[in-house]
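# Reading the structure
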Amino acid sequence: MALINQKSNSSCEEIKALPCFIHRDCKIERLTGGESHQCFKVTVNKNTTEQNFFVKSFNGHQQTAKAEIASHLLAANMGLAPAIIYHSASWLVTEFITGDSLSDFYKQQTVSVANNKVTVAMYLMVKTHQLTPPENHPVLAIEELLYQQASNSKLSQPQHVALQKIISKIAPPQAKHNHLVLCHGDVNYENIRVSVLFTNENPLKHAWLVDFECSCLAEAEYDLAMFIAINEFSVNDIDTLIQDYLQFTNATIDKEKVCAYLACCYLINGLWYFEAGYQHKQAKKLMAKAHQQFELFDQLGLLTEKITLLF
């Protein structure tokens with residue numbers, strides 16, 4: 001977390017001008033660690049007491065803002081996400097959860113309780129899938145998403161050609177999709193916030209999902225596959241993770257669909273990290289993450305060629 005520098009003055013002034021902060025004594029801090037959006041912590045002083053808010057800029061992400069707000073509102077109404085204080089096409093203001101990400105919380109714990117991470121994530125995922133989706137919510141188009149990620153200008157012509165062939169082989173037929181649910185689309189441990197009241201003994205309380213930017217209507221198997229991929233599980237973990245999901249619902253999960261989506265998710269994430277690595281100060285870390293996703297893709301054994309050899 002770092003105090004706002006001179007380059008962020010314009011964002012600072014915009015935040016102070018928001019209806020929920022105008023004419024109030026605000027201290028604004030830029031939150032570091034985000035790989036796409038600009039995020040801030042705003043502390044408001046009122047009658048010698050302080051109140052904290054989380055503020056997210058949609059600058060450069062206006063296309064996903066409407067869906068993100070709609071899904072976050074639904075989740076917040078059911079206590080699955082922090083309450084929204086204010087939203088517009090450019091900004092999202094929510095209550096600030098004083099605590100850690102789920103990832104940071106469990107870094108401080110013993111290995112024996114690490115499985116609670118999965119339990120918390122699956123509980124929040126299932127509850128999100130049970131929400132009534134917003135009207136006209138975007139529907140996942142997995143093939144389109146794959147080709148979009150593969151259009152990266154940083155890729156060479158041979159890489160483009162090879163990826164086109166790979167996508168044509170792994171993209172599951174859209175016609176076979178059914179029973180769409182509201183998916184978060186990025187249930188990684190950094191996107192689960194826990195308050196200071198969160199404990200190992202009662203892990204289903206005081207935990208919230210954040211960052212609904214990738215929210216869409218899709219099969220539950222897609223959200224589960226993205227969870228497996230983004231948290232760097234492998235094909236060997238699929239059965240256990242499906243059972244972790246099913247402990248909170250009577251729904252059925254098709255393992256073959258999870259595997260089909262998993263190949264797509266590894267490739268989507270790998271290509272995203274690969275592109276982000278060219279324009280981010282943590283380039284080495286992001287490139288390592290890209291390679292990890294490609295290695296996990298190869299472990300699925302779907303293709304005779306190894307995608308890691310392309311990169």
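Residues numbered from 1 in each chain as written. Predicted model: local features only at pLDDT ≥ 70, side-chain atom pairs only at ≥ 80, totals over all residues. Heavy atoms only, no water.

Let us now look at the pattern of salt bridges. Enumeration over the complete set of coordinates arrives at six salt bridges. Of the charged contacts, one joins Lys56 and Glu68 as a salt bridge, the two residues approaching to 2.5 Å between their closest N and O atoms. With a gap of twelve residues between them, Lys56 in strand β4 (residues 49-57) and Glu68 in helix α2 (residues 62-77) connect regions that are remote in the sequence. The exposure classification of Lys56 matches that of Glu68, with both residues buried. The partner of Lys56 in a salt bridge is Asp211, and the shortest N-O contact between them spans 2.9 Å. Residue Lys56 is found in strand β4, and its partner Asp211 is found in the loop between β10 (207-209) and β11 (216-218); the two are separated by 155 residues along the sequence. Of the residues examined, Lys56 reaches a relative accessible area of 4% and is grouped as buried. Taken together, the shared-partner salt bridges in this structure form one network comprising Lys56, Glu68 and Asp211. (Salt bridge = Lys/Arg side-chain N within 4 Å of Asp/Glu carboxyl O. Helix = DSSP H or I, 4+ residues; strand = E, 2+ residues; numbered from the N terminus. Buried < 20%, exposed > 50% of the residue type's maximum accessible area, 1.4 Å probe, protein only.)

In this section: helix α1 (residues 9-16). Buried within α1 we find Ser11, Cys12 and Ile15. One side of α1 carries all its buried residues, which in axial view fall inside an arc of 105°. Looking at the buried residues of α1, the elements they touch are β2 (25-31), β3 (39-46), β4 and β6 (91-95). (Arc of directions from axis to C-beta. Contact = heavy atoms within 4.5 Å.)

Let us now look at the side chain of Asp186. Mapped onto the secondary structure, Asp186 falls in the loop between β8 (181-183) and β9 (192-195). Nearest to the buried, unbridged Asp186 among oppositely charged side chains is Lys56, at 8.5 Å. Beyond its immediate sequence surroundings of up to four residues, Asp186 is in contact with Asn191, Cys214, Asp223 and Ile230. (Lys, Arg positive; Asp, Glu negative; His and termini not counted.)

Enumeration over the complete set of coordinates arrives at one cavity of 30 Å³ or more. The computed volume of the largest cavity comes to approximately 30 Å³. Forming the boundary of the largest cavity are Phe297, Asp298, Gly301, Leu302, Leu303, Glu305 and Lys306. Of the residues belonging to the lining of the largest cavity, the class tally is three nonpolar, one polar and three charged. (1 Å grid on protein atoms, 1.4 Å probe; cavity = no way out; pocket = protein on both sides within 12 Å on 5 of 7 lines; lining within 4 Å. Points joined across faces, edges and corners; volume = space filled by probe spheres on them. Nonpolar A, V, L, I, M, F, W, Y, C, P; charged D, E, K, R; others polar.)

Per-chain confidence: the protein chain averages 91 in pLDDT, with 93% of residues scoring 70 or above. Throughout residues 1-7 the model reports pLDDT below 50, and contacts reaching past four residues in sequence, or to other chains, amount to 17 contacts. (pLDDT = per-residue confidence, 0-100.)

In sheet architecture, strand pairing relies on hydrogen bonds along the backbone and comes in two forms, parallel and antiparallel. Spatial ordering of the open sheet is given by β7-β9-β10, a layout of three strands whose pairing is antiparallel. Sheet topology places β7 (99-101) and β10 at the edges, where each strand pairs with a single neighbour. The mean inter-strand angle of the sheet, taken between neighbouring strand axes irrespective of direction, is 25°. Where β7 and β9 come together, three bridges link them in antiparallel fashion. Bridging across to β9, Asp100 finds its partner in Val194. Where helix α4 (residues 116-129) meets the sheet, its contacts fall on β9 and β10, and the angle it forms with β10 comes to roughly 55°. (Pairing = 2+ DSSP bridges. Axes fitted to C-alpha atoms, helices over the stretch in contact; angles between N-to-C directions.)

Okay, the pairing of β4 next. Of the strand pairs in this sheet, β3 and β4 are connected by eight bridges, and their pairing is antiparallel. Across the sheet, residue Thr43 finds its bridge partner in β4, namely Asn52. The antiparallel hairpin formed by β3 and β4 contains two residues in its connecting segment, where Asn47 sits at a positive phi of about 50°. Pairing of β4 with β6 involves five bridges; the strand directions are antiparallel. Bridge pairing links Val55 to Val93 in β6.

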